[in-house]
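The chain contents come next:
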Amino acid sequence: MKAHFVTGASGFLGRHLVQALLLRGDRVIILLREGKDGIGASEKLRKIFPDAPERLTCRVGDITEKDLGLSEKDCKEIAALHPELWHLAADLSFDTRDQAGIFRTNVEGTKNVVRFANEHAVRFWHMSTAYVQGKPHGVIKEDGLTPSPIFRNHYEETKYKAEDVVRNEAKIPFLVLRPSIVLGDAYREKALGCAFGYYRYLHIIHRFRAWIVRILRAGRVGCLLFRLLGTREYTEVATNETTLSIPWLFLPEPHHGKVNVVPVSYVVNAVLSLLERNHAPGTTLHLVHDNPPTYKFLLDVLLSDLRIRGVHHLPVPIKVFTAGFRFLHALVPPVRVYSRSALWYVPYIDDVYSFETTQSRRAGIPPPPKITKEYMSRVNISAIETIGGG
């Protein structure tokens, strides 16, 4: 039975990883901060993993502190287990208003975790991102970091610096894992308030739909205007579900835009397969899709799952696509909190990414499965039901 020490276990990927390690029969210790709402670490542990066995325990700490804020007694107990250390904790925000906080978590925090691992662990697993190299120029290599990259946001820059910390300061065997955009069934907090990635776009369209429905049902001037434009709410006979038709809506989409998404199960299974064998230390592995779905495909499935009909696609250059989001931001107040941050993700839709996967295939990691309509519908419907239907 192996032992594992995990940071970021309360996050989306962290929860799935911890559950998978427990299913192996291994012992897992997770690092948790005291909740801001007064919830203690033990109670927080039970809330995140309600059916967890006794092999799962937690320690109260913080990666931004020396020794992760752990007592000398805790450090000795962890070291005695000779654990694998998984570093998943990160600040995923692109918000420019808290650059110091993002740097403190992603760079200084990684320094502290690496130093802790050097003294108390047998191997270090660093969860980075496939977008760590900034704006793409040609094929993005797995080994090493591109000198003088062009970053689109502070998150990319801090993850780049965090990788550099791992490569220069780790004294034990380590692996760097670079997943692209990870999808799966969202736990309640992620579905309700996620400010990151795909779920942000789902929120925008869900809120937009709800806004139109409220206006139609209010029966005022706005209702008359929408109805004159052909907007209607009706019940589909075959499914008995309420559907919204918006024939005047033209949604811009970037020419040939693709979104590199991978299932969370693929990422977890990949790292578990690496755990079974001593893969070459110091290796960087891209966990990305070789044939990612188009933005249009993802949007079509989402509109269908939200029961929105009659929408027209309008292929446009990236500047027009971005302008469309800005127009939506100004036009529809209910989505402003979401559309502002959605603009931060436009480069991951429009820029053309080509990722090397030589090391991943050499390590025995197969390509991810095709992103099908059925899979995306499961992801969408799970999130939609969590945030209150449509």
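Above this note sits the structure.
Residues numbered from 1 in each chain as written. Predicted model: local features only at pLDDT ≥ 70, side-chain atom pairs only at ≥ 80, totals over all residues. Heavy atoms only, no water.

Student: I would appreciate a short explanation of the nonpolar core in the present structure.
Tutor: Across soluble globular proteins, nonpolar side chains show a tendency to be buried alongside one another. Counting 53 residues, the largest nonpolar core has Ile212, Phe325 and Met376 as the members making the most contacts within it. Of the residues forming this core, the biggest block, 12 residues, is contributed by helix α7 (residues 198-218). Excluding residues that lie within four positions of it along the chain, Met376 makes contacts with Leu183, Tyr198, Phe297, Leu298, Val301, Asp305 and Ile371. Counting 39 residues, the second largest nonpolar core, distinct from the first, contains Val6, Trp86, Leu285 and Leu287. (Core = buried A, V, L, I, M, F, W, Y, C linked by side-chain atoms within 4.5 Å. Buried < 20%, exposed > 50% of the residue type's maximum accessible area, 1.4 Å probe, protein only. Helix = DSSP H or I, 4+ residues; strand = E, 2+ residues; numbered from the N terminus. Contact = heavy atoms within 4.5 Å.)

Student: In this structure, what is going on with helix α5 (residues 154-169)? I would like to understand it.
Tutor: It helps to recall that an α-helix has 3.6 residues per turn; residues three or four apart then point in one direction. Its 16 residues place the ends of α5 22 Å apart at the C-alpha level, agreeing with the 22 Å of an ideal helix rising 1.5 Å per residue. Considered for burial, the residues of α5 that qualify are His154, Tyr155, Glu156, Thr158, Lys159, Tyr160, Ala162, Glu163, Val165 and Val166. At its buried positions, α5 is contacted by α4 (99-120), β5 (123-127), β7 (174-179) and α13 (347-350). The N-terminus of α5 is capped by Asn153, whose side-chain oxygen sits 3.2 Å from the backbone nitrogen of Tyr155. (Expected span 1.5 Å × (residues − 1). Polar contact = N/O pair within 3.5 Å; in protein donor to acceptor, adjacent residues only side chain to side chain.)

Student: How should I be thinking about the packing of α7 against helix α15 (residues 373-386) in this particular structure?
Tutor: Packed helices, taken two at a time, are described by the angle between their axes plus the distance between the axes. For the pair α7 and α15, the least separation of the axes is 11 Å and the interaxial angle reads 60°. Judged by the inter-axis angle, α7 sits oblique to α15. Here α7 and α15 pass one another in a crossing that is right-handed. Contacts between α7 and α15 involve Tyr198, Tyr199, Leu202 and His206 on the former and, on the latter, Met376, Val379, Asn380, Ala383 and Ile384. When grouped by side-chain class, the residues that make up the contact of α7 with α15 number 7 nonpolar, 2 polar and no charged. (Axes fitted to C-alpha atoms, helices over the stretch in contact; angles between N-to-C directions. Parallel < 35°, antiparallel > 145°, perpendicular 65-115°, else oblique. Left-handed = near helix turned anticlockwise from the far one by under 90°. Nonpolar A, V, L, I, M, F, W, Y, C, P; charged D, E, K, R; others polar.)

Student: Any chance you could explain the sheet that holds strand β4 (residues 84-87) here in plain terms?
Tutor: Strands pair in a sheet through their backbones, by hydrogen bonds, and they do so in one of two ways: parallel or antiparallel. With parallel pairing, the 7 strands of this open sheet are ordered in space as β3-β2-β1-β4-β5-β7-β13. Two strands in the sheet have a free side with no partner beyond their single neighbour: β3 (56-60) and β13 (283-287). Neighbouring strand axes in the sheet, compared pairwise and without regard to direction, differ in orientation by 20° on average. Sheet analysis places strand β2 (residues 27-32) next to β3, joined by 5 bridges and oriented parallel. Paired with Leu32 across the bridge in β3 is Val60. The sheet strands contacting helix α2 (residues 41-48) are β2 and β3, and the helix crosses β3 at an angle near 140°. (Pairing = 2+ DSSP bridges.)

Student: Before we go on, may I ask you to explain the packing of aromatic side chains in this structure?
Tutor: Each pair of aromatic rings is reported with the distance of its centres and the angle of its planes. The tally for this structure, following the rule as stated, stands at 13 aromatic pairs. Taken together, a centroid distance of 6.0 Å and an interplanar angle of 50° make the contact between Phe94 and Tyr348 tilted. You can see Phe94 sitting in the loop between β4 and α4 and its partner Tyr348 sitting in helix α13, a full 254 residues away along the chain. Look at Tyr348 and you get buried, because its relative accessible area is 5%. Joined through ring pairs, the aromatic side chains of Phe94, Tyr131, Tyr155, Tyr348, Tyr353 and Phe355 make up one cluster. Seen from the ring of Tyr234, Arg232 lies directly overhead, with NZ or CZ sitting 4.2 Å from the centre. (Phe/Tyr/Trp six-rings, centres within 6.5 Å; stacked < 30°, edge-to-face > 60°. Lys NZ or Arg CZ within 6 Å of the ring centre and 35° of its normal.)

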